Amino acid sequence: MPELPEVETVRDGLARHVLGRTVAGVDVHRDYSVRRHTGGPLDLAGRLAGRRFEAAVRRGKFLWVVLDAPGTDHPDAALLAHLGMSGQLLVRSAAELEQGAAHPHLRVRVRLSDGGALDFVDQRTFGHLSVTDLVPTADGAPGGLGSDLPLLPEPAVHIARDLLDPALDREDLVRRLRARRTGLKRALLDQTLVSGIGNIYADEGLWRARLHYARPTDTLRRPEVERALDGAAEVMRAALAQGGTSFDALYVNVNGQSGYFDRSLAVYGQVGRPCPRCGALVRRDEFMNRSSFTCPVCQPRPRNARF
DNA sequence: CACACGTCCTGGTAGC
DNA sequence: TGCTACCAGGACGTGT
């Protein structure tokens, strides 16, 4: 599943492969994939045609490509993407487009003026593309990683900074997390508190921190919160170094190559296998209509569990 | 039929 | 009372 490391891998790929290139036109194969573009598919195509890609930026799991604003050097719009569970952005060469059959889950094709294309492929269709206005950030710092512009796509203004963002106010995050009255994992997954963490890295980070997902946030001691945040940040950095996580070929990076961090997972998806630290058997619990994996010894369930 | 799950939305609560 | 922030859970969608 694309979480922060996978999205960052895609962002880096876009930065290296599509910046400076110009949109010729857009083919929307599945309207649902552009459902969050308010003007509909035709409007999206109209706002992209003729625009040049200026920068590839990411905050949490949100990714956007800044568009040039002809006649000015003040960009005011971006192509915004969220990959959902299975979204991919694939850079296609003109030669590829001529010979290869279209991917069965191709949802949107952004045709480029040089004959290539940027394809949005998404089997499970939780992802989406839109063209949106850019608005100033609340703190005046860059909107995300990949550009110095203090701008954010309007649909992402409520998304908090992520753990790899230099402008993250860590003290404020710790304070806000401890002020919550919920379970630790639920807080880590809340993108308005801290962004980029999904089910996989939440479980892996909590395992590193030796904390149970149901620990009540308002009873956590400050060092425990630091451990939880450090655990998530470390596991995401490790995954990023290996190009992201992949389980079932649903995720591939911008060139179509899969990551292989899944070989390094300690608990996620490892039910019944030994904990790499203590050997106890990893367990799976139902949690928020999804799964949580823990080591029952390293991460004992608290008596005052909260979900 | 259960399961994979990130985000949006709705209806609710707590506290000032 | 009204406001704000926060909280919980259902819905969405496709394919194995």
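Bear in mind the structure is a predicted one, so any value in this text is a computation, not a measurement.

Pulling in residues and values, what's your account of the packing of aromatic side chains?
All told, the structure shown has three aromatic pairs when counted by the stated rule. A ring pair is formed by tyrosine 213 and phenylalanine 307, whose centres lie 6.2 Å apart and whose planes are at 45 degrees; its orientation type is tilted. On the criterion of sequence distance, the pair formed by tyrosine 213 in the loop between helix H6 (199-209) and helix H7 (222-241) and phenylalanine 307 in the segment after strand S11 (290-294) is long-range, its members being 94 residues apart. Clustering of aromatic rings is evident, with ring pairs tying together Tyr213, Phe287 and Phe307.

Explain the protein's contact with DNA strand C residue by residue, including any values.
Taken together, the neighbourhood of DNA strand C is formed by 14 residues, with Arg30, Tyr32, Phe126, Arg180 and Arg181 sitting nearest. Backbone atoms, meaning sugar and phosphate, make up 70% of the atoms of DNA strand C lying within 4 Å of the protein. Tyrosine 32 is positioned with one of its side-chain polar atoms (N or O) 3.1 Å from a sugar or linking oxygen of DNA strand C. Separating a phosphate oxygen of DNA strand C from a side-chain N or O atom of threonine 182 is a distance of 2.7 Å. Of the residues that constitute the surface near DNA strand C, the class distribution is three nonpolar, five polar and six charged.

Any chance you could break down the sheet that holds strand S4 (residues 77-82) for me, citing the residues and the numbers?
With antiparallel pairing, five strands are arranged side by side in an open sheet as S2-S3-S4-S8-S9. The sheet is open, and its two borders are formed by strand S2 (53-59) and strand S9 (151-153), each paired with just one other strand. Averaged over neighbouring strand pairs, the angle between their axes works out to 30 degrees when direction is ignored. In this sheet, S4 lies alongside strand S3 (residues 62-67) in antiparallel orientation, the contact comprising five bridges. Directly across from valine 66, in S4, lies its bridge partner alanine 78. Running over the sheet, helix H2 (residues 40-48) touches S3, S4 and strand S8 (128-136) and is turned about 55 degrees from S8.

Which residues make up the pattern of salt bridges, and what values go with them?
Counted under the stated rule, the structure contains 26 salt bridges. For arginine 222, the salt bridge goes to glutamate 171, with nearest N and O atoms at 3.2 Å. With a gap of 51 residues between them, arginine 222 in helix H7 and glutamate 171 in helix H4 (residues 170-179) connect regions that are remote in the sequence. Overall, the relative accessible area of 40% leaves glutamate 171 in the partly exposed class. A salt bridge links aspartate 285 to arginine 283; the shortest N-O distance between them is 2.6 Å. The exposure class of aspartate 285 is buried, given its relative accessible area of 8%. Each of Glu8, Arg11, Arg58 and Asp162 takes part in a single network of salt bridges with overlapping partners.

What counts and how
- Residues numbered from 1 in each chain as written.
- Chains lettered and ligands numbered in written order.
- Predicted model: local features only at pLDDT ≥ 70, side-chain atom pairs only at ≥ 80, totals over all residues.
- Heavy atoms only, no water.
- Phe/Tyr/Trp six-rings, centres within 6.5 Å; stacked < 30°, edge-to-face > 60°.
- Helix = DSSP H or I, 4+ residues; strand = E, 2+ residues; numbered from the N terminus.
- Near = heavy atom within 4 Å.
- Polar contact = N/O pair within 3.5 Å; in protein donor to acceptor, adjacent residues only side chain to side chain.
- Nonpolar A, V, L, I, M, F, W, Y, C, P; charged D, E, K, R; others polar.
- Pairing = 2+ DSSP bridges.
- Axes fitted to C-alpha atoms, helices over the stretch in contact; angles between N-to-C directions.
- Contact = heavy atoms within 4.5 Å.
- Salt bridge = Lys/Arg side-chain N within 4 Å of Asp/Glu carboxyl O.
- Buried < 20%, exposed > 50% of the residue type's maximum accessible area, 1.4 Å probe, protein only.

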